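# What the coordinates show
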Amino acid sequence: MGAANLLQHLRGAGFTISPADGGGIRVTPAGALTDAQRQSIRDHRAALLALLTGAPTTTTDPAPDPLAAVAWTDANIERFLTRRARLLRWGWPEPEAEALSDRLVRRDREPDARVSCADCKHYRPGRCGNHRRAGLSTPDVGRDLGGMLQRCPGFTLAPGSP
Ligand code: SF4
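Residues numbered from 1 in each chain as written. Predicted model: local features only at pLDDT ≥ 70, side-chain atom pairs only at ≥ 80, totals over all residues. Heavy atoms only, no water.

The next point concerns the environment of histidine 122. As for its placement among the helices and strands, histidine 122 is situated in the loop between helix H5 (94–108) and strand S3 (123–124). Considering only alpha carbons, one finds histidine 122 and threonine 156, 34 residues apart in sequence, at a separation of 7.1 Å. Among residues more than four places away in sequence, those in contact with histidine 122 are Arg127, Cys128, Gly129, Asn130, Gly154 and Thr156. Side-chain polar atoms of histidine 122 contact the side chain of asparagine 130, separated by 3.4 Å. (Helix = DSSP H or I, 4+ residues; strand = E, 2+ residues; numbered from the N terminus. Contact = heavy atoms within 4.5 Å. Polar contact = N/O pair within 3.5 Å; in protein donor to acceptor, adjacent residues only side chain to side chain.)

Here's what the structure looks like:
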């Protein structure tokens, strides 16, 4: 979830967000924030501040999409954070990890049966452990294919996947 979508989510959930003295962000009512929401705000502090103050930013948040107008639930945020953490552990660059995690949460909210290697128990960074069943000629799976939504006959949801 990019900063723009996070801001929409928080406002949609009834929070008031504004810049605070000293470069902080004031959220009201702060006591109603979940741990996941607090973590997302920390992760996107600079980009959120830029959005709130109108300052130039170098972030590449995608334009808000129509589905983002429907506030993310706590479960959506947990799924986003779980996938993001896993992809970062696998060495994915943060922008790519965030983009795929964001895309997968939006996929979760759509009637879309496609899957991603990132959720598959056969995936290890750069490799598919079930490539013949998947119809691949080699086990090599680069980040481009690993991050693509696809219909794969070899897919099995990884234990602990959101
Ligand atoms: S079985 Fe399919 S979804 Fe799973 S890792 Fe291999 S190519 Fe990806």
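Alright, that's what it looks like, and here's the rest.
We now examine the nonpolar core. Leu10, Ile17, Ile25, Val27, Ile41 and Leu48 are the most contacted members of the largest nonpolar core, which totals 14 residues. Counting residues per element, the ones that place at least two in this core are helix H1 (3–12), strand S2 (24–28) and helix H3 (45–53). Once residues within four sequence positions are removed from consideration, isoleucine 25 is found in contact with Ile17, Ser18, Ala20, Ile41, Arg45, Leu48, Leu49 and Leu52. One finds Trp92, Leu104, Ala118 and Ala134 within the second-largest nonpolar core, a separate group that totals 13 residues. (Core = buried A, V, L, I, M, F, W, Y, C linked by side-chain atoms within 4.5 Å. Buried < 20%, exposed > 50% of the residue type's maximum accessible area, 1.4 Å probe, protein only.)

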